[in-house]
Each structure stands twice: as structure tokens, then as C-alpha cells.
Amino acid sequence: MPMPSALLLLAVPHGRMERGGRRRSEPEENDKGRMKRTIIKDWKTRLSYFLQNSSNSNKRKSKKAGKHRNYFRPSPEEAQLWSEAFDELLANKYGLAAFRAFLKSEFCEENIEFWLACEDFKKTKSPQKLTLKAKKIYNDFIEKEAPKEINIDFQTKNMIAQNIQEATHTCFSVAQKRVYSLMENNSYPRFLESEFYQELCKKTPISRAAQGT
């Protein structure tokens, strides 16, 4: 005996219709919301770690000068500036920490760590320290099966191996440019689309109220 049409309507499960005619149930939507909150919470934990490390490093560097800097969450307007250029993001302490946390979530944090190590390397004045740092960078990022091996071609690796025998400030220039380009063209666009970055750009009721005072 066919089921009455009224009962058929009652039998249809409640939920949002997805593409292809499949209905998304309430529990699925709740799970998606919980997953989003978990991702953002995990991001904030990683970001706090990088900010804390950055703050401690700067405390040690500026101890003699008696300076101390705290890094606060940027305003939505400040965060939106990071989307204008990759350099804008890297030049901002909070933005850099957020980007590092993002790369860690994608299991490719070695790229930004290598880039930062190269930036520090180029500021080194002592020839002895330059040689030591060059060998450390090579051992950490360049040689085969290095703990943080970056993805560069064999020829570039060979060139670096030769260059560090008599270390100069340009030892890693080619590799650094390639890693920078890789981050700018791949990781950076994904970072701008991430839940965490979108959250930073969102104007909360609190920030709107603060602007009105």
C-alpha cells in the first residue's frame, strides 16, 4: 500500500540541501561548526607560541637598550593591509607569526624558517660567525635529508655547498629567492583564504564600538 503524501513529507529528514540533492543533517552542520572553532583555536595556540618566542627574543636583544615591545592583535584594517603585498605581511611581527603558524599547519614551516635564517645571516658582520652560520643553515636546510630540508634543485644545492667553503653574505641568495617566490605564489594566497586570517579581518561588535568612542 503506497504511503500517503503527508506522511512522505514528514519522513523527509530536516537539514540543508547540498549539491546533488543530498541533505546535510543538523549534526553534520554542528560538526562542521565545531571543526571550524577547533581549527581557529589551534591556530591561536600556535600563534601565541610564535609571538611568545618572538617577544622573548626581542627582550634579550633590547635588554641593554631598556626597550620592551608587546605584540597585540592587529585591528581588522591592519590585518587587511597584509593582503596588499607579501612583504607587508612579513614586515609585521604579528603577521609573520600568524603566517608561521599557518605554514606549520600545512607542514611546510621550513620555508619561512629558512628565509628568516637567511635574513639573519645577511646581517652577520663577523667573518667567523658568518662561516659558522653558513654551515648551520646548510646542515639544517640544504643537505640531503636535512632535518628541515627545503625543496630546491640539485644544482642549487651543489652551488651552495661550494659557496660555504668561503662564506659570503650571498651564499644562499638564489635559494632564498626561490623559497620566497614559492611562499608568495603558493602559501601566501592560501593564508589569505584561511579561516584564521578571515577571522582577523572581521570587524567584531567590540571593535566597532571602540571606533565610535
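Structure: see above.
Let us look at the structure shown here. Everything quoted here is computed from the prediction, not taken from an experiment.

The next subject is the overall build of the protein chain. In terms of helices and strands, the protein chain carries eleven helices and two strands. Going from the N terminus to the C terminus, the protein chain shows its helices and strands as α-β-β-α-α-α-α-α-α-α-α-α-α. A total of 213 residues make up the protein chain; the buried ones form 32% of that total. Within the protein chain, contacts between residues at least 6 apart in sequence are counted, and of these 56% link residues at least 24 apart. Taken as a whole, the protein chain presents about 14600 Å² of accessible surface, with 54% of it coming from carbon and sulfur.

This part is about helix H9 (residues 173-193). If you check H9, its first and last C-alpha atoms are 29 Å apart, about what 21 residues at 1.5 Å a residue would give, namely 30 Å. Ser 187 marks where H9 bends most, by close to 40°; the proline Pro 189 follows one to four residues later.

As a further point, take the pattern of salt bridges. Using the criterion set out here, one finds ten salt bridges in the structure. In this structure, Arg 190 engages Glu 106 in a salt bridge whose closest nitrogen and oxygen atoms are separated by 2.7 Å. You can see Arg 190 sitting in helix H9 and its partner Glu 106 sitting in the loop between helix H5 (93-105) and helix H6 (110-122), a full 84 residues away along the chain.

Right, let's talk about unusual backbone geometry for a bit. Positive phi, normally seen in glycine, also occurs at Phe 107, with a value near 60°. Relative to the helices and strands, Phe 107 resides in the loop between H5 and H6. In this structure Phe 107 comes out as exposed when scored by relative accessible area, which is 71%.

Here the structure, examined in full by the defined rule, presents eleven aromatic pairs. Residues Phe 86 and Phe 99 carry aromatic rings whose centres are separated by 5.5 Å and whose planes lie at 75° to one another, so their mutual orientation is edge-to-face. Of this pair, Phe 86 sits in helix H4 (residues 86-91) while Phe 99 sits in helix H5, and the two are 13 residues apart along the sequence. Given a relative accessible area of 2%, Phe 86 falls into the buried group. The structure contains a cluster of three or more aromatic residues connected by ring pairs, namely Trp 82, Phe 86, Phe 99, Phe 102, Trp 115, Tyr 180, Tyr 188, Phe 191 and Tyr 197.

The subject of this paragraph is a negative patch on the surface. Taken together, the side chains of Glu 84, Asp 87, Glu 88 and Glu 184 define an acidic patch exposed on the protein surface. Among the structural elements, Glu 88 can be located in helix H4.

Cut-offs used in this document
- Residues numbered from 1 in each chain as written.
- Predicted model: local features only at pLDDT ≥ 70, side-chain atom pairs only at ≥ 80, totals over all residues.
- Heavy atoms only, no water.
- Helix = DSSP H or I, 4+ residues; strand = E, 2+ residues; numbered from the N terminus.
- Buried < 20%, exposed > 50% of the residue type's maximum accessible area, 1.4 Å probe, protein only.
- Contact = heavy atoms within 4.5 Å.
- Areas by Shrake-Rupley, 256 points an atom, 1.4 Å probe, with all protein chains shown as cover.
- Expected span 1.5 Å × (residues − 1).
- Bend = angle between axes of the 7 residues up to and from the residue.
- Salt bridge = Lys/Arg side-chain N within 4 Å of Asp/Glu carboxyl O.
- Phe/Tyr/Trp six-rings, centres within 6.5 Å; stacked < 30°, edge-to-face > 60°.
- Patch = residues over 30% accessible without salt bridge, like charges linked within 9 Å, V, L, I, M, F, W, Y side chains within 5 Å.
- Lys, Arg positive; Asp, Glu negative; His and termini not counted.
- Charge placed at Lys NZ, Arg CZ, Asp CG, Glu CD.

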